[in-house]
Amino acid sequence: MSTSSIQSRRDLFDVFQHTIEGTYDELVEEQELQPGQTMLKTFLIESNVTPEELHERVDITEARKVDFDLQELIIQRNATKYTFFLDHEDSRFWTLYTLEESEDAKKVVQDMVSGVRNGLDYTWMPIEQQREVMDMGVFRDVGVSYDADDVFSEDYIDERLDFGDLSVRSSGRGTGTLFDILDSHDELSSFLSLSSVGIKRNVNGSFILERVTHNGRFTTSGGDSIQLHLDTVAEIKERYATLLRKIEENHRLSYESQEHGTGLDGTPLVIELDNEIEDVRQFIENIITAKNPLRLWGAKTKLDDQYWKIKGVDLHNNDKYTIEICPKWLRLYLGDEACGNTALRIYSNLQRHYDSNATMEVEE
Amino acid sequence: MSVMENLSDHTLQINAWIGLCQLDRTFPDTLRNLGYTVDIIDPSFVHEGDSVNPDLILTSRAYNHSIVIDCKSYFIKKEQNEKYESIHHSPEVLLTRGIVSAADASEDFNAEFAYSSFEDLAENPHLPENDFAVVQYDEDANQYISRTLEDYEFNLSDLQDEFPIFTDTRRLPTDYFPFDVGTGDDDYRQFTISILQSTVHVALEQDTFNADDLLEDAHPLWVDLDTNLKNELRAHTETIIMEYQRQGLDGHIEKVQAGSKDEWKVVSKSLQALQRKVDGFVDDVQEKLEQTSLDDFD
């Protein structure tokens, strides 16, 4: 696709408007897209770096300024070039648009965020926020993906968990009912980790079809208003940004040197578990491994048989953390320079890989 | 004595007091509800020619009131009583010297001194006959019970009315004040894991580092410690560094330092190797630090 005619935000959004109208028409009429026809993908990225620093993380062969705080980026991966549009008007939360194939786009973004201490990360939406997405429109489809086997050993799963891997995907009529039935089932509800939520949002006669994943990827399968898509992304981003801001304002411990001693501010976060841990030591040895997806390294000490403390480093961004953990809860301490996204990553990954009913209270 | 392992009673008490001032669903926020915040940890000042060094001052702006706390194991010294008595009876010195900062200087201010212990200090022969508060963290099968001893209660009635405080858990918070080293209540294990944590953290930021870099990163009160204590902590940190060099852990650390190519794979692999050795290493170092301390004492 030639993009040289895109010289402003308006031009870009005009292109996207045609795209979402076209994909919807094809899907309604033909049930599938034409060869080469793709859906609009939008990624919300949490950033602590400048767009210039992005060049150190991925192979950008061309960068063109399109409008204020909007760049076209040609990113090379495995000798193939991919086109993205980076909107960094919000310096903390970048929006990255692309019409590339879904799997290719996901891999390029994964390259961006998966280095060590690289200052970029996904937006890790807790299940509560994904449920709020359901309420933004008519519920169309849902993906449930409980992936304990990404974190826990086979032995641990066999001995301690009811599921190692649980996947459910449902769309169309009855999806909401199915989800409600599964959710109301006590033995299942801790394992209903949402991976994506699909909605049809209608506002003033316009509509948009969105699928939103747990890590901030939007796939727009149709609609008649790009503005409604932009508004949907903005609303979800604002909700996430507010949560992140509250964590950073209230839940980072800071020690301030004073003339006669040291002052203390901030309070830890507590994550309460519905799926109680049977053996805390074994649990720790499965989650603190310096491996994907949690990327937590740490040294542990026993406080009592079922109460342990871990002091470690989050290898996504090199933030220090301390966790105290017992069967019913984890207490998470973050340092004064820690990124709030560290807490949300740990929390949402626990929901995804261990207990979807885990809850975390954030001080207002 | 507390049932929690690998942490001194002194450190646990400080954490328990701070915990009572915090919002935390797993621990009571009784003092927070009265407006108390952590005004200052480990304050140190001179009053009437004597050095005064309690553990903690909590201040409520709502009551314009501070609690000056000294966490004890069992022993109480007569001269300490005298120092604290002098502060107890002229609390305004805490304001005029700028030691308390969370109170309102334009209103009436009051402060009370409190001893705190896991032991029952009622039988302690040096317990002064004055109006200090004495708080015991007693325990039953399920929780700690923070209670004031008879005749040693807080003068501020709204504060006293909150006692006894039931924690509903024996799992106290431990990381507001993560360790105490060099004061006789040595949390060598906590100190070692904090230094290890900082070693990885600092190594991911910079190519070279020394004991001071690690201590600055690991010790929340580092800037305010006196020179003697700093020197003692430096010596302990050097012991940890020497031991991880002797055990070959430095190779894993060097690999994660800034500038490595193919970062995630290298970092992940190196730290997985380190992770496998950490538990044994911490055991060895704790033993060495305890031995060093005993040798110094002898």
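Structure: see above.
Keep in mind it's a predicted model, so treat the numbers as computed, not measured.

1. Considerations on the packing of aromatic side chains
- Overall, the coordinates contain 25 aromatic pairs over all chains when judged by the stated rule.
- An angle of 80° between the planes, with centres 6.2 Å apart, marks the rings of Phe139(A) and Phe179(A) as edge-to-face. Here Phe179(A) lies in helix H5 (residues 175-183) and Phe139(A) lies in strand S7 (residues 138-146), a separation of 40 residues in the sequence.
- With 6.0 Å between their ring centres and 65° between their planes, Tyr115(B) and Phe132(B) make a pair best called edge-to-face. In this pair, Tyr115(B) is assigned in strand S6 (residues 110-117) and Phe132(B) in the loop between S6 and strand S7 (133-139), connecting sequence segments 17 residues apart.
- The lysine or arginine in question, Lys200(A), covers the ring of Phe207(A), its NZ or CZ lying 4.9 Å from the ring centre.
- Taking NZ or CZ as reference, Arg295(A) lies 3.6 Å from the ring centre of Trp264(B), over its face.

2. Topic: helix H8 (residues 280-287) of chain A
All names here are of chain A.
- Within H8, the full set of buried residues consists of Val280, Phe283, Ile284, Asn286 and Ile287. Projection of H8 onto a plane perpendicular to its axis shows the buried side chains occupying an angular sector of 165°, all on one side.
- For H8, the secondary structure elements touched by its buried residues are helix H4 (154-160), strand S15 (296-304), strand S16 (307-314), strand S17 (319-325) and helix H9 (340-353).
- In this structure Asp279 caps H8, since a side-chain oxygen of it lies 3.1 Å from the backbone nitrogen of Arg281.

3. Notes on the packing of helix H6 (residues 188-203) of chain B against helix H8 (residues 227-246) of chain B
Residue and element names in this part refer to chain B.
- Across the interface, H6 lies against H8 with an axial gap of 11 Å and an inter-helix angle of 65°. One element, H6, and the other, H8, form an angle in the roughly perpendicular class. Where H6 crosses over H8, the two elements pack in a sense that is right-handed. Here H6 contributes Tyr188, Phe191, Thr192, Ile195 and Thr199 to the contact with H8, which in turn contributes Leu233, His236, Thr237, Ile240 and Tyr244.
- Residue composition of the contact of H6 with H8, grouped by class: six nonpolar, four polar and no charged.

4. Considerations on unusual backbone geometry
- Residue Pro293(A) follows Asn292(A) across a cis peptide bond; omega there is 0°.
- Mapped onto the secondary structure, Pro293(A) falls in the loop between H8 and S15.
- Residue Pro164(B) is bonded to the preceding Phe163(B) through a cis peptide linkage, with omega at 0°.
- The phi torsion at Ala290(A) lies on the positive side, around 60°, for a residue other than glycine.
- Mapped onto the elements, Ala290(A) comes out in the loop between H8 and S15.
- Here the phi dihedral of Asn64(B) falls at roughly 45°; this positive angle occurs in a residue that is not glycine.
- Structurally, Asn64(B) can be placed in the loop between strand S4 (56-60) and strand S5 (65-72).

5. Side note on the nonpolar core
- Of all hydrophobic cores here, the largest spans 84 residues; its most connected members are Phe152(A) and Ile325(A).
- Per-element tally for this core: the top contributor is helix H7 (residues 226-250) of chain A, with seven residues.
- Counting contributing residues, this core receives three or more from each of domain 1 (9-122) and domain 2 (253-360) of chain A.
- The next biggest cluster of nonpolar side chains, apart from the first, holds 82 residues, and it includes Cys71(B), Phe154(B), Leu249(B) and Leu274(B).

6. Some details on the pattern of salt bridges
All names here are of chain A.
- Inspection of every chain in the model, using the stated rule, returns 44 salt bridges over all chains.
- We note a salt bridge from Arg9 to Asp87, for which the minimum N-O separation is 2.9 Å. Residue Arg9 is found in helix H1 (residues 9-30), and its partner Asp87 is found in strand S4 (residues 80-87); the two are separated by 78 residues along the sequence. Across the pair, Asp87 and Arg9 agree in class, each one buried.
- Several salt bridges converge on common partners, so that one network encompasses Glu132, Arg201, Asp231, Glu235 and Arg239.

About the criteria used
- Residues numbered from 1 in each chain as written.
- Chains lettered and ligands numbered in written order.
- Predicted model: local features only at pLDDT ≥ 70, side-chain atom pairs only at ≥ 80, totals over all residues.
- Heavy atoms only, no water.
- Phe/Tyr/Trp six-rings, centres within 6.5 Å; stacked < 30°, edge-to-face > 60°.
- Helix = DSSP H or I, 4+ residues; strand = E, 2+ residues; numbered from the N terminus.
- Lys NZ or Arg CZ within 6 Å of the ring centre and 35° of its normal.
- Buried < 20%, exposed > 50% of the residue type's maximum accessible area, 1.4 Å probe, protein only.
- Arc of directions from axis to C-beta.
- Contact = heavy atoms within 4.5 Å.
- Polar contact = N/O pair within 3.5 Å; in protein donor to acceptor, adjacent residues only side chain to side chain.
- Axes fitted to C-alpha atoms, helices over the stretch in contact; angles between N-to-C directions.
- Parallel < 35°, antiparallel > 145°, perpendicular 65-115°, else oblique.
- Left-handed = near helix turned anticlockwise from the far one by under 90°.
- Nonpolar A, V, L, I, M, F, W, Y, C, P; charged D, E, K, R; others polar.
- Core = buried A, V, L, I, M, F, W, Y, C linked by side-chain atoms within 4.5 Å.
- Domains from an automatic or database assignment.
- Salt bridge = Lys/Arg side-chain N within 4 Å of Asp/Glu carboxyl O.

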